[in-house]
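Single-letter residue listing:
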Amino acid sequence: MQEERHVLREALRSDLPAAHLGLGVTVIALIVIASFSGPRWTLIVAGSFTAWFVLALMVIRIGDGRGWDAIRRAYIATFGWGQWI
């Protein structure tokens, strides 16, 4: 069972380059949304990502995260999905 969990953790693990890719895709998507539907939906989507980042940062800070490490971990938690593109 422990080996299965280890394999699953490794499959779901994200790193900083994947988060940068996720942020880049998000910015491109926001530009596309802004060009087709205007500022209202752009702000809604951007606000959703901002809220997710702030929530992740709060959870990490409540745990044991401090300083830049907490910000880096929240950034990876928010945009780390870029590894699946």
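Rules behind the numbers
- Residues numbered from 1 in each chain as written.
- Predicted model: local features only at pLDDT ≥ 70, side-chain atom pairs only at ≥ 80, totals over all residues.
- Heavy atoms only, no water.
- Helix = DSSP H or I, 4+ residues; strand = E, 2+ residues; numbered from the N terminus.
- Buried < 20%, exposed > 50% of the residue type's maximum accessible area, 1.4 Å probe, protein only.
- Areas by Shrake-Rupley, 256 points an atom, 1.4 Å probe, with all protein chains shown as cover.
- Polar contact = N/O pair within 3.5 Å; in protein donor to acceptor, adjacent residues only side chain to side chain.
- Contact = heavy atoms within 4.5 Å.
- Salt bridge = Lys/Arg side-chain N within 4 Å of Asp/Glu carboxyl O.

(A) Quick peek at the overall build of the chain. Summing up its helical and strand segments, the chain has four helices and zero strands in all. Seen in sequence order, the chain has helices and strands lined up from the N terminus as α-α-α-α. Here the chain holds 85 residues, and the buried ones make up 21% of them. Here the chain displays about 6,400 Å² of accessible surface, and carbon together with sulfur accounts for 70% of that area.

(B) Main features of the side chain of T78. Inspection of the secondary structure assignment puts T78 in helix α4 (residues 67-79). In this structure T78 comes out as buried when scored by relative accessible area, which is 3%. A polar atom in the side chain of T78 sits 2.8 Å from the backbone oxygen of A74. When near neighbours in sequence (up to four residues on either side) are disregarded, T78 contacts F49, W52, F53 and A56.

(C) Structural view of the side chain of T26. Inspection of the secondary structure assignment puts T26 in helix α2 (residues 16-37). Sequence-distant contacts of T26, defined by excluding residues within four places in its chain, comprise F49, F79 and W81.

(D) Broad picture of the pattern of salt bridges. Scanning the model with the defined rule gives three salt bridges in all. A salt bridge links D64 to R73; the nearest nitrogen and oxygen atoms lie 3.5 Å apart. By relative accessible area, D64 is classed as exposed at 60%. R73 gets classed as partly exposed once you look at its relative accessible area, which sits at 33%. Residues D69 and R72 are paired through a salt bridge, measuring 3.1 Å at the closest nitrogen-oxygen approach. Of this pair, D69 and R72 both sit in helix α4, three residues apart, which is roughly one turn of the helix. Residue class for D69 comes out partly exposed when judged on its relative accessible area of 34%.

These values are about where atoms sit, not about what they do.
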